[in-house]
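# Chains, contacts and geometry: an overview
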Amino acid sequence: MAGEHLGDRLARLRRIGDLTQERLAERAGVSVDVVRKLEQRRKHSARLPTLHALARGLGVELTALLGDPPAVPSTGEVEPPQLVAIRRAILPPMFAAPPEPRGPERLSLPLVFAEISEAWTLYHAAAFGRLMELLPGLIADARFVAAVGSPDERAAGQAALAKALQLGGHLAIRLGKSDLAISSLERAMGAAEASSDPLLPPMICNSVAWAYQRQNRLDDASHLAVGAADRAEREEGNTAESVRVRGSLLMSAATSSARAGDYDRARDMMGVAEQLAGSLGALPPAANGKLVSVFSRSSVRIERVRLAVQHERPEEALGLARGLRLSRDIPVSWRTWLLLDVARAYTDLGNAERAVRTLESLRRAAPGWMRHHTLAVAVVSDLWAGPARPPGLRKLAAELGVAG
């Protein structure tokens with residue numbers, strides 16, 4: 001299905017479900033004109049709330065409607081060896097022998113945590129090929145340190161295992177393998193509960209909520225995120241670490257509400273998140289200086305831009321993005337989303353030149369992410385189908401497979 005148009009996927013899934021265009025529109029709660037224009041290729045993309053509604057009407061996961069992630073196409077062949085190795089690391093065979101260290105020397109906890117930190121850096125840089133090579137060994141190392149040593153050392157090892165499996169879940173989502181992602185995150189939650197870090201379980205919940213969103217389980221995602229935020233507040237109070245975790249969870253819940261079409265509720269949640277971000281300056285930083293979650297005034301603003309774009313409010317989105325100064329803790333992946341949303345807003349306003357310039361900035365800053373975002377393909381598809389094709393658009397369209 002690599003390169004298949006959204007409208008073709010929609011029509012195929014509608015026929016499999018034995019639905020007319022009118023019946024699908026009724027079940028999804030969208031205009032039948034939207035369904036027709038997509039299937040006739042007169043419309044090349046749709047907002048996430050609309051896509052979630054269509055997926056719900058079809059009775060499929062969102063990923064089935066979106067298709068394979070860019071740069072990770074399905075060929076109909078067996079899974080590549082790297083993915084098989086990741087699957088086996090996440091889901092080891094039953095009655096397997098106890099884990100063994102990879103090297104001749106006993107692994108230390110600091111070494112494993114350093115490996116995990118480096119692997120997350122690769123993820124945020126969209127270096128998925130390299131990450132697929134490293135992750136099976138990393139999970140094996142984490143399983144080993146979680147099984148040896150004193151009770152305190154094993155608890156710390158469980159935290160390492162939780163973070164490694166959480167990374168496995170995130171990578172599986174990016175590769176379009178939502179079931180594998182859920183399996184990895186369920187095991188991450190078990191390890192987090194066995195660790196000595198009380199904030200690790202709600203952090204894993206945030207990742208599970210994202211996986212639920214990809215499966216179009218928006219109510220489940222929202223309830224999980226809100227419940228985890230309440231638990232973090234109840235058990236950890238108003239520490240800087242707790243506020244960061246709670247704020248991230250509230251942003252996740254807001255995203256689920258927005259995708260379900262409830263923009264007002266999403267905006268209210270983002271307002272609470274913004275208040276939490278503002279309170280961080282008055283709280284003492286974490287004693288060990290660790291960053292438990294990407295949460296700050298910058299991340300809240302980035303998410304507000306995203307929600308405005310998804311609900312066809314391009315002027316509001318550009319107003320929020322204008323003058324935004326990103327904090328140092330914002331990873332490349334979040335900066336990528338901001339640029340994509342700004343490009344989407346310019347496209348919606350008919351400013352193709354500014355949209356292309358924004359996409360070119362993204363390609364220079366993070367070429368890996370450019371190839372892995374379905375939103376990038378959607379924006380370039382709409383620009384290519386538009387009346388104006390400014391300089392640079394043809395190259396973008398060719399790189400993303402929109403034009404030959």
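Residues numbered from 1 in each chain as written. Predicted model: local features only at pLDDT ≥ 70, side-chain atom pairs only at ≥ 80, totals over all residues. Heavy atoms only, no water.

Moving on: the environment of alanine 46. Assignment of secondary structure puts alanine 46 in the loop between helix H3 (32-39) and helix H4 (48-58). A sequence separation of 33 residues divides alanine 46 from glutamate 79, and the C-alpha atoms of the two residues are 30 Å apart. Among all residues touching alanine 46, those that are not within four sequence positions of it are Leu6, Leu38 and Leu51. (Helix = DSSP H or I, 4+ residues; strand = E, 2+ residues; numbered from the N terminus. Contact = heavy atoms within 4.5 Å.)

We now examine the environment of alanine 146. Looking at where alanine 146 falls in the secondary structure, it is placed in the loop between helix H8 (128-145) and helix H9 (151-174). With relative accessibility at 8%, the residue alanine 146 sits in the buried group. Between the C-alpha atom of alanine 146 and that of arginine 15, which follows or precedes it by 131 residues, the distance is 49 Å. With near-sequence residues (within four places) excluded, alanine 146 lies in contact with Arg154, Gly157, Gln158 and Leu161. (Buried < 20%, exposed > 50% of the residue type's maximum accessible area, 1.4 Å probe, protein only.)

The relative placement of two packed helices comes down to the angle between their axes together with the axis-to-axis distance. At their nearest, the axes of helix H10 (residues 178-194) and helix H11 (residues 200-214) sit 9 Å apart, and the two run at 170° to each other. Taken as axis vectors, H10 and H11 run roughly antiparallel relative to one another. Only Leu200, Pro201, Ile204, Cys205, Ser207, Val208, Ala211 and Tyr212 of H11 make contact with H10, whose side of the interface consists of Ile182, Leu185, Ala188, Met189, Ala192 and Glu193. Looking at side-chain class alone, the contact of H10 with H11 contains 12 nonpolar, one polar and one charged residues. (Axes fitted to C-alpha atoms, helices over the stretch in contact; angles between N-to-C directions. Parallel < 35°, antiparallel > 145°, perpendicular 65-115°, else oblique. Nonpolar A, V, L, I, M, F, W, Y, C, P; charged D, E, K, R; others polar.)

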